[in-house]
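The primary structure of each chain is shown beneath.
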Amino acid sequence: QVQLVESGGGLVQPGGSLTLSCAASGSIFSINVMGWYRQAPGKQRELVATITSGGTTNYVDSVKGRFTIFRDSAKNTGYLQMNSLEPEDTAVYYCNAVVRSTAVGPFRNYWGQGTQVTVSS
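Residues numbered from 1 in each chain as written. Predicted model: local features only at pLDDT ≥ 70, side-chain atom pairs only at ≥ 80, totals over all residues. Heavy atoms only, no water.

Trainee: It is not clear to me how the overall build of the protein chain should be interpreted in this structure. Could you clarify?
Mentor: Secondary structure summary: the protein chain contains 0 helices and 11 strands in total. Helices and strands appear in the protein chain in the N-to-C order β-β-β-β-β-β-β-β-β-β-β. In terms of C-alpha radius of gyration, the protein chain reaches 14 Å, essentially the compact-globule figure of 14 Å for 121 residues. A burial count over the protein chain gives 40% of its 121 residues as buried. Contacts in the protein chain between residues at least 24 apart in sequence constitute 55% of all its contacts with a sequence separation of at least 6. (Helix = DSSP H or I, 4+ residues; strand = E, 2+ residues; numbered from the N terminus. Rg over C-alpha atoms; globule rule 2.2 N^0.38 Å. Buried < 20%, exposed > 50% of the residue type's maximum accessible area, 1.4 Å probe, protein only. Contact = heavy atoms within 4.5 Å.)

Trainee: What is the right way to read the pattern of salt bridges from this model?
Mentor: One side chain can pair with another of opposite charge once the charged atoms of both are near each other. Scanning the model with the defined rule gives 5 salt bridges in all. The salt bridge involving R66 is made with E86; its shortest N-O contact spans 3.9 Å. Here the residue R66 occupies a position in the loop between β6 (57-59) and β7 (67-72), and E86 occupies one in the loop between β8 (77-82) and β9 (91-100), the gap between them amounting to 20 residues. The partly exposed category is assigned to E86, whose relative accessible area is 33%. Note that D89 is salt-bridged to R66, the shortest N-O span being 2.8 Å. Here D89, found in the loop between β8 and β9, pairs with R66, found in the loop between β6 and β7; they are 23 residues apart in sequence, far enough to count as distant. A single burial state applies to D89 and to R66, both of which are buried. Put simply, R38, E46, R66, E86 and D89 are held in one network by salt bridges that share partners. (Salt bridge = Lys/Arg side-chain N within 4 Å of Asp/Glu carboxyl O.)

Trainee: What am I meant to see in the state of the cysteines here?
Mentor: Disulfides are covalent bonds that link the sulfur atoms of two cysteine residues. Under the counting rule described, the total for this entry stands at 1 disulfide. A disulfide bridge connects C22 with C95, and the sulfur atoms are separated by 1.9 Å. Between C22 and C95 the disulfide shows an S-S torsion of about -75°. By sign, it is left-handed. Of the two residues, C22 sits in strand β3 (residues 18-26) while C95 sits in strand β9, which places them 73 residues apart along the sequence. Since its relative accessible area comes to 0%, C22 is described here as buried. In this structure C95 comes out as buried when scored by relative accessible area, which is 1%. (Disulfide = S-S within 2.5 Å.)

Treat this as a map of the structure, not an account of what it does.
In structure tokens, the structure reads:
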């Protein structure tokens, strides 16, 4: 089994910054893609950003230029640095990872429990 634990959420004023962390632990041979998703009240969960094992990144248009996703593969940890936060960024942010537990096993999808980010004055 694999566990993902997010941290770093909280309350921040518009224009402020936060950095979310996602630590993966358990039976991990390799992590393919790590990603961040968010879900605002009354809305569907949406993709925010992803990063592959090779470092290729992808962002939803609304966060481009403001958010940066990166990872420390040695620590099995992913990060989402969020700058110039807007009230519209308020949501529960979820970490996602596609993990292989053995050298020849299948990749499986895992989710963290979520961390609340609130942008308000």
